[in-house]
Amino acid sequence: MLEKTINGLFVFTRYLVWALGVLGIVGSAILAVCNFIMGLSAVLLFVSTFLLSVAVTLLLMPEALINKLPVSLIEKRFVISGVALVIATVITGVVYFTQGGFPELNLIFM
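Residues numbered from 1 in each chain as written. Predicted model: local features only at pLDDT ≥ 70, side-chain atom pairs only at ≥ 80, totals over all residues. Heavy atoms only, no water.

**Here's the deal with the confidence of the model for the protein**
What counts here: Each residue carries a pLDDT value, the predictor's own confidence for that position, ranging from 0 to 100. Every helix listed is a DSSP run of H or I at least four residues long, and every strand listed is a run of E at least two residues long, numbered separately from the N terminus.
For the protein, per-residue confidence averages 90 on the pLDDT scale, and residues scoring 70 or more make up 97% of the total. Looking at the elements of the protein, mean pLDDT is at its lowest for helix H3 (residues 63–66), recorded as 81, and at its highest for helix H2 (residues 40–59), recorded as 94.

**Description of a nonpolar patch on the surface**
Stated formally: Put simply, a patch holds well-exposed residues, over 30% relative accessible area, that have no salt bridge, with like charges counted together within 9 Å and Val, Leu, Ile, Met, Phe, Trp or Tyr side chains within 5 Å. Working definition of accessibility: Shrake-Rupley area with a 1.4 Å probe, residue cover restricted to the visible protein chains. Basic side-chain nitrogens of Lys or Arg form a salt bridge, by our definition, when they fall within 4 Å of a carboxyl oxygen of Asp or Glu. Only protein chains enter the area calculation, which uses a 1.4 Å probe; residues under 20% of their type maximum are buried, those over 50% are exposed, and those in between are partly exposed.
The grouping of Phe12, Leu16, Leu20 and Leu23 at the surface amounts to a nonpolar patch, some 430 Å² of accessible area in total. Assignment of secondary structure puts Leu16 in helix H1 (residues 2–34). For Leu16, a relative accessible area of 43% gives the class partly exposed.

**Here we look at the packing of aromatic side chains**
Two numbers describe a pair of aromatic rings. These are the distance of the centres and the angle of the planes. Test applied: Two rings from Phe, Tyr or Trp (for Trp, the six-membered ring) form a pair when their centres sit within 6.5 Å of each other. Planes less than 30 degrees apart are called stacked, planes more than 60 degrees apart edge-to-face, and all others tilted.
The full count for this structure, using the stated rule, is two aromatic pairs. Connected via pairs of aromatic rings, a cluster forms that spans Tyr96, Phe97 and Phe102.

**Considering the environment of Ala84**
The residue Ala84 is located in helix H4 (residues 71–99) in this model. In sequence terms Ala84 and Phe50 are 34 residues apart; their C-alpha atoms lie 9.2 Å from each other.

**Digging into the environment of Leu85**
Within the fold, Leu85 resides in helix H4. On the basis of relative accessibility, which here comes to 31%, the residue Leu85 falls in the partly exposed class. Separated by 31 residues in sequence, Leu85 and Val54 place their C-alpha atoms 8.8 Å apart.

**Concerning the environment of Val22**
Tracing the backbone shows Val22 in helix H1. Since its relative accessible area comes to 33%, Val22 is described here as partly exposed. Measuring from C-alpha to C-alpha, the distance between Val22 and Ser53 comes to 6.7 Å, with 31 residues separating the pair along the chain.

Here's what the structure looks like:
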């Protein structure tokens, strides 16, 4: 009984993190547009968070949704996620080291 409960919590956590990834796609797109006035480095950070959210969404997508994707995307979703994570890391690192830290951001949700 305890094992069944723990497995249920893991499944719930996976779906919750997947939902946060989907929410992150929308949120980062909105924040990228809102931060155009703050400069290119601020926009690039939100492009990076967009790519991170895409990677998390593809990695943790539920099986019911995976089966509705085209076969070519199903086979390549791990590669796409890995490439998106690497690009997001590179963008974040370049922004951090060229600016001497992260830039000031306009966070409309706070």
